[in-house]
Amino acid sequence: MSRKLTKPGLKPITVLLRQIQGATRHATEEALRNSDLTAAQANVLTELAYGQPRSNAELARLDSVTPQSMVEILASLERRGLISRSAKPDRGRAMPAELTKEGHSQLLSVHLAMRQVEQRLLNSLSSADISRLRKLLEACLAGIEREHSGNGSDE
């Protein structure tokens, strides 16, 4: 007896987000080719530019990589003089990373590459759609972060 396979309905939004993330990462790697940076390195530089110094663990969580992978990313950025890390007495063993002067100057090429990818991603949307999408994504992020922080975890 043969079972008839049925096609599922709409693709789950989480699957679409994962596919967009993968396509965006690939396009970002291509756009960064001339800067000699990976997408992961560019993400770290961008995160540090928009926030305070961050530890290896914080950056790993933000970029969805293992702490071991982030150690390698940070070491390569530090060797290139784009970030500095030093122990802070109030942070325990953590050595928060922060941008150096060279790191700040590298941000221009990183942001130009990211804007090219963003333009490709959003080129079929109106300005109003883009504004709405940004608000919706921020609301989704806030909702999942609120849910995560409310579960008793200390992360």
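Before any of the text, the structure's been laid out above.
These figures come from a predicted structure and were not determined experimentally.

1. Considering the side chain of Thr28
(1) Moving on: Within the element layout of this structure, Thr28 appears in helix H1 (residues 13-31).
(2) Moving on: For Thr28, a relative accessible area of 8% gives the class buried.
(3) Moving on: For Thr28, the side chain forms a polar contact with the main-chain oxygen of Thr24, separated by 2.7 Å.
(4) Moving on: Beyond its immediate sequence surroundings of up to four residues, Thr28 is in contact with Ala39 and Val117.

2. A look at the pattern of salt bridges
(1) Moving on: For the structure on display, the rule yields three salt bridges.
(2) Moving on: As a salt-bridge pair, Arg54 and Glu47 come within 3.3 Å of each other at their nearest N and O atoms.
(3) Moving on: The exposure class assigned to Arg54 is buried, which follows from its relative accessible area of 17%.
(4) Moving on: A relative accessible area of 25% means that Glu47 is categorised as partly exposed.
(5) Moving on: Note that Glu118 and Arg115 form a salt bridge whose closest N and O atoms lie 3.5 Å from each other. Residue Glu118 and its partner Arg115 are located together in helix H5 (residues 101-122), separated by three residues, close to a single helical turn.

3. Topic: the layout of surface pockets
Unoccupied space between atoms shows up once a probe the size of one water molecule is rolled over them.
(1) Moving on: Counted as a void, the largest pocket has a volume near 2,600 Å³.
(2) Moving on: If you trace the largest pocket, you find 43 residues lining it, with Gln21, Asn43, Leu62, Leu137 and Leu141 closest to the centre.
(3) Moving on: Breaking the lining of the largest pocket down by element, the ones donating at least two residues are H1, helix H2 (39-50), helix H3 (56-63), H5 and helix H6 (127-149).
(4) Moving on: The element contributing the most residues to the lining of the largest pocket is H6, with eleven residues.
(5) Moving on: Among the residues making up the lining of the largest pocket, the classes are represented as 20 nonpolar, ten polar and 13 charged.

4. Details of the nonpolar core
(1) Moving on: Among the nonpolar cores identified, the biggest contains 20 residues, and Val44, Leu45, Leu77 and Ile83 are the most heavily contacted of them.
(2) Moving on: Looking at this core, the elements that each hand over two or more residues are H2, H3, helix H4 (67-79), strand E2 (97-99) and H5.
(3) Moving on: Here this core takes five residues from H2, the largest share from any one element.
(4) Moving on: Setting aside anything within four residues of it in sequence, one finds Ile83 in contact with Leu45, Leu48, Leu74, Leu77, Glu78, Ala97, Glu98, Leu99 and Thr100.

What counts, and at which threshold
Residues numbered from 1 in each chain as written. Predicted model: local features only at pLDDT ≥ 70, side-chain atom pairs only at ≥ 80, totals over all residues. Heavy atoms only, no water. Helix = DSSP H or I, 4+ residues; strand = E, 2+ residues; numbered from the N terminus. Buried < 20%, exposed > 50% of the residue type's maximum accessible area, 1.4 Å probe, protein only. Polar contact = N/O pair within 3.5 Å; in protein donor to acceptor, adjacent residues only side chain to side chain. Contact = heavy atoms within 4.5 Å. Salt bridge = Lys/Arg side-chain N within 4 Å of Asp/Glu carboxyl O. 1 Å grid on protein atoms, 1.4 Å probe; cavity = no way out; pocket = protein on both sides within 12 Å on 5 of 7 lines; lining within 4 Å. Points joined across faces, edges and corners; volume = space filled by probe spheres on them. Nonpolar A, V, L, I, M, F, W, Y, C, P; charged D, E, K, R; others polar. Core = buried A, V, L, I, M, F, W, Y, C linked by side-chain atoms within 4.5 Å.

Read these as geometric descriptors, not functional statements.
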